[in-house]
Amino acid sequence: MIPLTTAEVQVWFLVHVGVLLVAAGWMTVSSLFLPGITGRAAVRLGRTPWTVFLAGLVVALCAAVVITGLSIIPNPVTRFLALVFTVATVILALAGSGGVVRTFAQGMVAAGERPQPTLLRRYGIALVITLTWMLPIAGWFFALPLTLMLGLGCFVFGCFPIKPPRMATTP
């Protein structure tokens, strides 16, 4: 057994907390600075959440195949490309998760409040989402992948314009 000092445990704990704070920041900033993408994503997530999740799952599986293919080639350049592709996929997932934050934030606006949720409310929602990732089994294997899949799906659907719903015409 490898002995760990208290300082090493605290360092790893603080690294994890820092990663969660940065991830929450990415979600909040993307919900503010990408209003078109995250707004369309929030609308699409509110209408059909399963299609958003399935689109994110397909994108994640395709990314996993490409990353695995690049990383098994014994060349430093392809392994570096696999790392770059992994980081880009995670950043796109976090940027798309701004749509998830907007969906929750719009659902929390009360009747007498302003129509746009505040920055603090958005960051609080993003922080709650990322803190669920710390839960031992449910967070690691359910909440984190679910958030990233929804984020990828939100990013994909947010990049395309929304078709207006069909109105029933009366003859």
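Preceding block: the structure.
Novice: Please explain the overall build of the chain as it appears in this structure.
Specialist: Each helix and strand in the chain was counted, giving six helices and zero strands. Sequence-ordered secondary structure for the chain, helices as α and strands as β, is α-α-α-α-α-α. Taking the principal axes of the C-alpha coordinates as reference, the chain spans close to 75 × 40 × 30 Å. Classification of the 171 residues of the chain by burial places 31% in the buried group. Counting contacts in the chain only where the partners sit at least 6 residues apart, residues at least 24 apart contribute 73% of the total.

Novice: Looking at this model, I keep getting lost on the environment of Gly36. Mind explaining?
Specialist: As for its placement among the helices and strands, Gly36 is situated in helix H2 (residues 35-47). A sequence separation of 108 residues divides Gly36 from Leu144, and the C-alpha atoms of the two residues are 25 Å apart.

Novice: Teacher, can you tell me more about the layout of surface pockets here?
Specialist: Gaps between atoms show up when a probe of the same size as a water molecule is rolled over them. Size it by volume and the largest pocket reaches roughly 230 Å³. Forming the walls of the largest pocket are His16, Val19, Leu20, Ala23, Val90, Leu94, Trp133, Met134, Trp140, Leu144 and Leu148. Looking at the lining of the largest pocket, the elements with two or more residues in it are helix H1 (6-33), helix H4 (76-107) and helix H6 (138-158). The greatest single-element share of the lining of the largest pocket, amounting to four residues, is contributed by H1. Here the lining of the largest pocket is built from residues that sort into ten nonpolar, one polar and no charged. The calculated volume of the second largest pocket comes to roughly 190 Å³. Every residue along the wall of the second largest pocket is listed here: Ala60, Ala63, Ala64, Ile67, Thr86, Thr89, Val90, Ala93, Leu148, Met149 and Leu152. Within the residue set of the lining of the second largest pocket, elements represented by two or more residues are helix H3 (49-72), H4 and H6.

Novice: Mind showing me how you'd approach the environment of Arg40 here?
Specialist: Along the chain, Arg40 falls in helix H2. For Arg40, a relative accessible area of 27% corresponds to the partly exposed category. The spatial distance from the C-alpha of Arg40 to the C-alpha of Cys159 is 7.9 Å, given a sequence separation of 119 residues. Filtering out sequence-adjacent residues up to four positions away, Arg40 remains in contact with Gly158, Cys159, Phe160, Pro161 and Ile162.

Novice: I'm lost on the side chain of Thr89 in this one. Help?
Specialist: Inspection of the secondary structure assignment puts Thr89 in helix H4. For Thr89, a relative accessible area of 16% translates into the label buried.

Rules of the game
Residues numbered from 1 in each chain as written. Predicted model: local features only at pLDDT ≥ 70, side-chain atom pairs only at ≥ 80, totals over all residues. Heavy atoms only, no water. Helix = DSSP H or I, 4+ residues; strand = E, 2+ residues; numbered from the N terminus. Buried < 20%, exposed > 50% of the residue type's maximum accessible area, 1.4 Å probe, protein only. Contact = heavy atoms within 4.5 Å. 1 Å grid on protein atoms, 1.4 Å probe; cavity = no way out; pocket = protein on both sides within 12 Å on 5 of 7 lines; lining within 4 Å. Points joined across faces, edges and corners; volume = space filled by probe spheres on them. Nonpolar A, V, L, I, M, F, W, Y, C, P; charged D, E, K, R; others polar.

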